[in-house]
Amino acid sequence: GESVGLHLPTLSVQEGDNSIINCAYSNSASDYFIWYKQESGKGPQFIIDIRSNMDKRQGQRVTVLLNKTVKHLSLQIAATQPGDSAVYFCAETDNYGQNFVFGPGTRLSVLP
Amino acid sequence: DVKVTQSSRYLVKRTGEKVFLECVQDMDHENMFWYRQDPGLGLRLIYFSYDVKMKEKGDIPEGYSVSREKKERFSLILESASTNQTSMYLCASSLVLAGENANTGELFFGEGSRLTVL
């Protein structure tokens, strides 16, 4: 079936460096994409989203890039901080917000 | 501040017991979901509901049932808990997206209920 996947299960970065977390999706009909952050023992938290009619969206220290040609989604975190250490996963859905497909997640570790 | 509240953060039950997991959202969302999250398997959909008294099976509905009597509340029921149902259970809710100009289709999650079945 359709799926969303991540290229790397773990990522370690030095504090202050930029982080890039990647996601591949296979459903070209997906309309909406979200990045979530999940800290240990907590529920996933929304970071940033992007609609399929956009290719870039920026938030505070985070940027999401969408390349529909190769069905690739990435999350860029600028000046990574210790508090950014968590599991990050992407999600895609259709226009009804009912059928969400999630990637397995990437664990980001920030080194001092 | 928007909120999805799950009634229990941690539960320990015995095999064969009936388990109720309650979830309440205060955002007037139409859609509500129950997922389980297991290491290496990610989030898997158990059931979802798009309206009061409506429910749809997800990817792994076996051994579970749900109830949605009110718009804000979505309950997950394990009629007879088994050890392979030990997991983290996540409730979520979302608005129905309304075309390209909709502001968001964000899925809001609760903090999770970690169930251990002995």
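Residues numbered from 1 in each chain as written. Chains lettered and ligands numbered in written order. Predicted model: local features only at pLDDT ≥ 70, side-chain atom pairs only at ≥ 80, totals over all residues. Heavy atoms only, no water.

K.L.:
How do you make sense of the packing of aromatic side chains when you look at a structure like this?
P.N.:
A complete count under the given rule lists 13 aromatic pairs over all chains for this structure. Plain terms: the ring middles of Tyr36(A) and Phe109(B) are 5.2 Å apart, the flat faces sit at 85° to each other, and that makes the pair edge-to-face. Pair noted here: Tyr36(A) is in strand 4 (residues 32-38) and Phe109(B) is in strand 11 (residues 108-109), and the two residues belong to different chains. Taking relative accessible area as the criterion, Tyr36(A) reaches 0% and is therefore assigned buried. (Phe/Tyr/Trp six-rings, centres within 6.5 Å; stacked < 30°, edge-to-face > 60°. Helix = DSSP H or I, 4+ residues; strand = E, 2+ residues; numbered from the N terminus. Buried < 20%, exposed > 50% of the residue type's maximum accessible area, 1.4 Å probe, protein only.)

K.L.:
Help me understand the state of the cysteines in this model?
P.N.:
Simply put, the disulfide is a covalent bond whose two ends are the sulfur atoms of two cysteines. All told, the structure shown has two disulfides over all chains when counted by the stated rule. A sulfur-sulfur separation of 1.8 Å characterises the disulfide bridge that pairs Cys23(A) with Cys90(A). Since a negative S-S torsion denotes a left-handed disulfide, the Cys23(A)-Cys90(A) link at about 55° is right-handed. Remark: Cys90(A) occurs in strand 9 (residues 86-93) and Cys23(A) occurs in strand 3 (residues 19-25); sequence separation between them is 67 residues. Judged by its relative accessible area of 0%, Cys90(A) falls in the buried class. In this model Cys23(B) forms its disulfide with Cys91(B); the gap between the sulfur atoms is 1.9 Å. Disulfide Cys23(B)-Cys91(B): the torsion about the S-S bond is -80°, which places it as left-handed. Of the two residues, Cys23(B) sits in strand 4 (residues 23-25) while Cys91(B) sits in strand 10 (residues 87-94), which places them 68 residues apart along the sequence. Both residues of the pair, Cys23(B) and Cys91(B), belong to the buried class. (Disulfide = S-S within 2.5 Å.)

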